[in-house]
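Per-entry structural report
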Amino acid sequence: MSCLGNALWFLFGGIWQGLSWTLAGVLWSITIVGIPIGRQCFKLAGLAFFPFGKTVNYGGGAPSFIANIFWIIFSGIPLALAAVINGALLCVTIIGIPFGLQCFKLAKLALMPFGATVS
């Protein structure tokens, strides 16, 4: 079932969210200081492309907290807003509710990506 969900997700909106994470990763990777943040963006782009069947566990310590603060200021808010708006639009229909819930999962991840592991 998750294979079908991922295929439909990719065709009807997941490609745009994954590309936005990839763009954020490219922009962060321009500077040497931003490369660790860019690498995390590339990891989470895979989740944005195919989110069904995966769970996100949050953890981390002080370095993750500091990185999340810089992330929210420079990149997190636009990605989170895009995911929330997309999720709200998808939840209008009954068929779109599972896809909207995945958008909300990605919105939370867009605000706190560091210290998060995908399993």
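Structure shown above.
**Concerning the environment of Leu 109**
As for its placement among the helices and strands, Leu 109 is situated in helix 4 (residues 97-111). Of the residues examined, Leu 109 reaches a relative accessible area of 0% and is grouped as buried. Between the alpha carbons of Leu 109 and Gly 76 there is a distance of 8.8 Å; along the sequence they are 33 residues apart. Dropping the residues within four chain positions of it, Leu 109 is found in contact with Trp 21, Leu 44, Leu 47, Val 56, Tyr 58 and Ala 116.

**Section: the nonpolar core**
In this structure, Trp 9, Trp 21, Cys 41, Trp 71, Leu 79, Leu 106 and Leu 109 are the most contacted members of the largest nonpolar core, which totals 24 residues. Counting residues per element, the ones that place at least two in this core are helix 1 (2-28), helix 2 (35-49), helix 3 (62-90) and helix 4.

**Topic: the packing of helix 1 against helix 4**
For any two helices packed against each other, the geometry is given by the interaxial angle and the distance between the axes. Two numbers describe how helix 1 lies on helix 4: the axes approach to 11 Å, and their chain directions differ by 25 degrees. Our classification of the angle between helix 1 and helix 4 gives roughly parallel. In this structure, helix 1 crosses over helix 4, and the sense of that crossing is right-handed. On the side of helix 1, the interface is formed by Gly 5, Leu 8, Trp 9, Gln 17 and Trp 21, while helix 4 contributes Phe 99, Gln 102, Cys 103, Leu 106, Leu 109 and Ala 110.

**Some thoughts on helix 3**
For helix 3, spanning 29 residues, the distance from its first C-alpha to its last is only 35 Å, which falls clearly below the expected 42 Å at 1.5 Å a residue. Along helix 3, the helix axis deviates most sharply at Ile 72, where the bend reaches about 65 degrees. Listed in full, the buried residues belonging to helix 3 are Ser 64, Ala 67, Asn 68, Trp 71, Ser 75, Gly 76, Leu 79, Ala 80, Ala 83 and Gly 87. Here the buried face of helix 3 lies against helix 1, helix 2 and helix 4.

**Brief notes about a nonpolar patch on the surface**
A cluster of nonpolar side chains, namely Tyr 58, Ile 77, Leu 81, Ile 85, Leu 89, Leu 111 and Met 112, defines an oily patch on the protein surface of about 650 Å² accessible area. If one sorts the elements of the nonpolar patch by residue count, helix 3 sits on top with four residues. Considering the arrangement of structural elements, one finds Ile 77 in helix 3. Judged by its relative accessible area of 45%, Ile 77 falls in the partly exposed class.

**Thoughts on the packing of aromatic side chains**
In total, this model carries ten aromatic pairs according to the counting rule given. Ring centres 6.4 Å apart and planes at 15 degrees place the aromatic pair Trp 9 and Phe 99 in the stacked group. Placement of Trp 9 in helix 1 and of Phe 99 in helix 4 is noted, with a sequence separation of 90 residues between them. You can call Trp 9 buried: its relative accessible area is 2%. Centroid distance Phe 52 to Phe 99: 5.5 Å. Interplanar angle 85 degrees. Geometry classified as edge-to-face. Note that Phe 52 is positioned in the loop between helix 2 and strand 1 (56-58) and Phe 99 in helix 4, a separation of 47 residues in sequence.

How each quantity is defined
- Residues numbered from 1 in each chain as written.
- Predicted model: local features only at pLDDT ≥ 70, side-chain atom pairs only at ≥ 80, totals over all residues.
- Heavy atoms only, no water.
- Helix = DSSP H or I, 4+ residues; strand = E, 2+ residues; numbered from the N terminus.
- Buried < 20%, exposed > 50% of the residue type's maximum accessible area, 1.4 Å probe, protein only.
- Contact = heavy atoms within 4.5 Å.
- Core = buried A, V, L, I, M, F, W, Y, C linked by side-chain atoms within 4.5 Å.
- Axes fitted to C-alpha atoms, helices over the stretch in contact; angles between N-to-C directions.
- Parallel < 35°, antiparallel > 145°, perpendicular 65-115°, else oblique.
- Left-handed = near helix turned anticlockwise from the far one by under 90°.
- Expected span 1.5 Å × (residues − 1).
- Bend = angle between axes of the 7 residues up to and from the residue.
- Patch = residues over 30% accessible without salt bridge, like charges linked within 9 Å, V, L, I, M, F, W, Y side chains within 5 Å.
- Areas by Shrake-Rupley, 256 points an atom, 1.4 Å probe, with all protein chains shown as cover.
- Salt bridge = Lys/Arg side-chain N within 4 Å of Asp/Glu carboxyl O.
- Phe/Tyr/Trp six-rings, centres within 6.5 Å; stacked < 30°, edge-to-face > 60°.

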